[in-house]
Amino acid sequence: MYTTRKSYTPFVGPFDPCPPVRVKTYETPPQLYMGFQPCGLPQFQPKEALRHGTLWPALFAPYTNPYEQGGNRE
Amino acid sequence: MWIYEKKLQYPVRVSKCDPMMARYLIEQYGGADGELAAALRYLNQRYTLPEKVIAIVNDIGTEELAHLEMIATMIYKLTKDATPDQLIEAGLGAHYANHDKALFFHNAAGAPFTATYFQAKGDPIADLYEDVAAEEKARATYQWLINMTDDVDLIDSLTFLREREIVHSQRFREAAEMLKADQQTKKIF
């Protein structure tokens, strides 16, 4: 199973002016992995689908602000 | 030919008086990776694509116009009751001097919209891969916009729009796969 957020630890120089960001993240949502969508995947209920913006749980990947406490997923 | 429904694709609620956010949201209105560029790109490319992928490009281009309306609604709600002083404070003084509170197609830095933001190469693979990239760039823009606000209602609408970019990217990727598939293959049913 893939994750929709990846992280890496960038080099932190000893003479940088600002407090360092030690862990950087980027998003890797599900369409990067799906290929041609297979037939017969599970579906949301219609009302749920309209709220989420997709009929397919396999394509549903809500975003959270990674700068907020607890926003980091892995 | 289009049929217009006098409602938004998804509800737009704004719960915080924050004209500065309007200044940033305008990136998605008249910016390079915004909804106007997306709609015009797809609705223009569709004529010269292979027939089996025209419908998806047409449908997505149409949906981008619905997204454009949602962004416009957000910007309008965030600015309609602001005083000139509030707009100046929000960094929208230059906008006000030129446009009052009218919306205008420019990006967050004030650069006016231009057709050079997108391409129609006539090569189906080149065009569809540009479309995939456009969706990913719009998805990223929505992420940075979500990072810049704590208005949960605004975040809700922006999250919906970001999810649509994911679905559109998936469909463009599938369209490219359809064109890559070997048409000479003998299928045995």
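Residues numbered from 1 in each chain as written. Chains lettered and ligands numbered in written order. Predicted model: local features only at pLDDT ≥ 70, side-chain atom pairs only at ≥ 80, totals over all residues. Heavy atoms only, no water.

Enquirer: Even after reading the chapter, I still don't get the overall build of chain B, so can you show me in this structure?
Expert: A count of helices and strands for chain B gives eight helices and zero strands. For chain B, the succession of helices and strands along the chain, N to C, is α-α-α-α-α-α-α-α. Dimensions of chain B, computed from C-alpha atoms along their principal axes, come out at roughly 70 × 30 × 30 Å. Taken as a whole, chain B presents about 9700 Å² of accessible surface, with 57% of it coming from carbon and sulfur. Each charge class in chain B was averaged separately, 21 positive and 29 negative side chains, and the resulting centres sit 4 Å apart. (Helix = DSSP H or I, 4+ residues; strand = E, 2+ residues; numbered from the N terminus. Areas by Shrake-Rupley, 256 points an atom, 1.4 Å probe, with all protein chains shown as cover. Lys, Arg positive; Asp, Glu negative; His and termini not counted. Charge placed at Lys NZ, Arg CZ, Asp CG, Glu CD.)

Enquirer: I'm lost on the UniProt feature "binding site: Mn(2+)" (unreviewed entry) in chain B in this one. Help?
Expert: All names here are of chain B. The sites that UniProt annotates as "binding site: Mn(2+)" (unreviewed entry) are Glu35, Glu64, His67, Glu135 and His168. A stretch of 134 residues holds the annotated residues, and the largest C-alpha distance among them is 12.7 Å, short enough that they meet in one place. On the secondary structure map, Glu135 appears in helix α7 (residues 124-147). When sequence neighbours within four positions are dropped, the list of residues in contact with Glu135 reads Tyr42, Ile60, Glu64, Glu165, His168, Ser169 and Phe172. With respect to the helices, strands and loops of the structure, His168 is situated in helix α8 (residues 152-180). In this structure His168 comes out as buried when scored by relative accessible area, which is 2%. One polar contact links His168 to Glu64, side chain to side chain, over a distance of 3.2 Å. (UniProt positions renumbered as here; feature names shortened; annotations may be inferred. Contact = heavy atoms within 4.5 Å. Buried < 20%, exposed > 50% of the residue type's maximum accessible area, 1.4 Å probe, protein only. Polar contact = N/O pair within 3.5 Å; in protein donor to acceptor, adjacent residues only side chain to side chain.)

Enquirer: Explanation requested: the nonpolar core in the structure shown.
Expert: One broad trend across soluble globular proteins is that nonpolar side chains are buried collectively. Residue and element names in this part refer to chain B. Ranked by internal contacts, the top residues of the largest apolar core, which has 24 residues, are Leu25, Tyr29, Ile71, Met74, Ile75, Leu158 and Leu161. Sorting the residues of this core by element identifies α1 (19-25), α4 (51-79), α7 and α8 as the ones contributing at least two each. With seven residues, α4 is the largest single contributor of residues to this core. With residues near it in sequence (within four places) discarded, Leu158 still touches Leu25, Met74, Tyr142, Leu145 and Ile146. If you look at the next biggest cluster of nonpolar residues, it comprises 13 residues, including Tyr42, Val53, Ala134 and Leu179. (Core = buried A, V, L, I, M, F, W, Y, C linked by side-chain atoms within 4.5 Å.)

Enquirer: Please explain the interface of chain B and chain A as it appears in this structure.
Expert: For an interface, size is often stated in terms of accessible area lost upon the parts coming together. If you look at the interface, chain B gives 21 residues, while chain A gives 22 residues. Ranking the residues of chain B by area buried against chain A places Asn147, Glu163 and Gln170 of chain B at the top, with a combined share of 27%. Here chain B and chain A share one salt bridge between them. The salt bridge involving Arg51 of chain A is made with Asp156 of chain B; its shortest N-O contact spans 3.2 Å. Connecting chain B to chain A are 10 residue pairs in polar contact (both at pLDDT 80 or more). Of all the secondary-structure elements, those providing two or more residues to the side of chain B that touches chain A are α7 and α8 of chain B. In terms of residue count, the dominant contributor to the side of chain B that touches chain A is α8 of chain B (14 residues). (Buried area = accessible area lost by both parts, 1.4 Å probe. Salt bridge = Lys/Arg side-chain N within 4 Å of Asp/Glu carboxyl O.)

Enquirer: Mind showing me how you'd approach the packing of helix α3 (residues 35-45) of chain B against α4 of chain B here?
Expert: A pair of packed helices is captured by two measures, namely the crossing angle of their axes and the spacing between those axes. All names here are of chain B. In contact at an axis separation of 8 Å, α3 and α4 are set at 160° when each is read in the N-to-C sense. Taken together, the axis directions place α3 and α4 in an arrangement best described as roughly antiparallel. As for how α3 packs across α4, the hand of that crossing is left-handed. Along its contact with α3, which presents Glu35, Leu36, Ala38, Ala39, Tyr42 and Leu43, the element α4 presents Val57, Asn58, Ile60, Gly61, Thr62, Glu64, Leu65, His67, Leu68 and Ile71. Residue composition of the contact of α3 with α4, grouped by class: 10 nonpolar, four polar and two charged. (Axes fitted to C-alpha atoms, helices over the stretch in contact; angles between N-to-C directions. Parallel < 35°, antiparallel > 145°, perpendicular 65-115°, else oblique. Left-handed = near helix turned anticlockwise from the far one by under 90°. Nonpolar A, V, L, I, M, F, W, Y, C, P; charged D, E, K, R; others polar.)

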